[in-house]
Amino acid sequence: MDVKKLEKDLNEVLDNYYRELSLLDEYDKTPVTKGELAEHLKQTRYALEGIKNSIVGYLENL
């Protein structure tokens, strides 16, 4: 894996994360539920795991 592939992978992870969370209306004043917070946490974990996997994959190929 080269730096361009790493950047592509990281951008993909971030794009997926944003796409999943963009369903929330940032101007809505309604309090969030515990379920919504749990979903946000799950999406954050997926994004962080994707970032970690991309970086580790890059480093393993140095």
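Residues numbered from 1 in each chain as written. Predicted model: local features only at pLDDT ≥ 70, side-chain atom pairs only at ≥ 80, totals over all residues. Heavy atoms only, no water.

Enquirer: Just to check I follow, could you spell out the overall build of the chain for this structure?
Expert: A tally of regular secondary structure across the chain gives two helices and zero strands. For 62 residues, the compact-globule estimate of 2.2 N^0.38 gives 11 Å, and the C-alpha radius of gyration of the chain, at 15 Å, exceeds that figure by more than 25%. Seen along its three principal axes, the alpha-carbon backbone of the chain occupies a region of about 50 × 20 × 10 Å. The burial tally for the chain puts 16% of its 62 residues in the buried class. Split by element, the accessible area of the chain, about 5,400 Å² in all, is 58% carbon and sulfur. (Helix = DSSP H or I, 4+ residues; strand = E, 2+ residues; numbered from the N terminus. Rg over C-alpha atoms; globule rule 2.2 N^0.38 Å. Buried < 20%, exposed > 50% of the residue type's maximum accessible area, 1.4 Å probe, protein only. Areas by Shrake-Rupley, 256 points an atom, 1.4 Å probe, with all protein chains shown as cover.)

Enquirer: Whenever I open this one, helix H1 (residues 3-21) confuses me. Can you help?
Expert: Side chains three or four residues apart in an α-helix point the same way, a direct result of the helix having 3.6 residues per turn. When the terminal C-alpha atoms of H1 are compared, their 27 Å separation across 19 residues agrees well with the 27 Å that a helix rising 1.5 Å per residue should span. When we look at burial in H1, the residues that qualify are Leu6, Asp9, Val13 and Leu21. Viewed end-on, H1 has its buried residues packed into an arc of 100°, placing them on one side of the element. Of the exposed residues in H1, those oriented more than 90 degrees away from the buried face are Lys4 and Tyr18. (Expected span 1.5 Å × (residues − 1). Arc of directions from axis to C-beta.)

Enquirer: Help me understand the environment of Leu23, please; the structure alone is not making it clear to me.
Expert: By the element assignment, Leu23 lies in the loop between H1 and helix H2 (34-60). Separated by 17 residues in the primary sequence, Leu23 and Leu6 place their C-alpha atoms 27 Å from one another.

Enquirer: Help me understand a nonpolar patch on the surface in this model?
Expert: Where nonpolar side chains cluster on the molecular surface, the patch consists of Ile55, Leu59 and Leu62 and spans about 310 Å² of accessible area. In this fold, Ile55 is placed in helix H2. (Patch = residues over 30% accessible without salt bridge, like charges linked within 9 Å, V, L, I, M, F, W, Y side chains within 5 Å. Salt bridge = Lys/Arg side-chain N within 4 Å of Asp/Glu carboxyl O.)

Enquirer: Would you mind going over the layout of surface pockets with me for this structure?
Expert: Take a probe with the size of a water molecule and roll it over the atoms, and the empty space left behind shows itself. Roughly 160 Å³ of internal volume is contained in the largest pocket. Forming the walls of the largest pocket are Leu24, Asp25, Asp28, Thr30, Pro31, Val32 and Glu36. Here the lining of the largest pocket is built from residues that sort into three nonpolar, one polar and three charged. (1 Å grid on protein atoms, 1.4 Å probe; cavity = no way out; pocket = protein on both sides within 12 Å on 5 of 7 lines; lining within 4 Å. Points joined across faces, edges and corners; volume = space filled by probe spheres on them. Nonpolar A, V, L, I, M, F, W, Y, C, P; charged D, E, K, R; others polar.)

Enquirer: Help me understand the environment of Leu10, please; the structure alone is not making it clear to me.
Expert: Mapped onto the elements of the fold, Leu10 is located in helix H1. Using a relative accessible area of 21% as the deciding quantity, one classes Leu10 as partly exposed. For the pair Leu10 and Ile51, spaced 41 residues apart in sequence, the C-alpha to C-alpha distance is 5.9 Å. Discounting chain neighbours no more than four positions away, the residues touching Leu10 are Ile51 and Ser54. (Contact = heavy atoms within 4.5 Å.)

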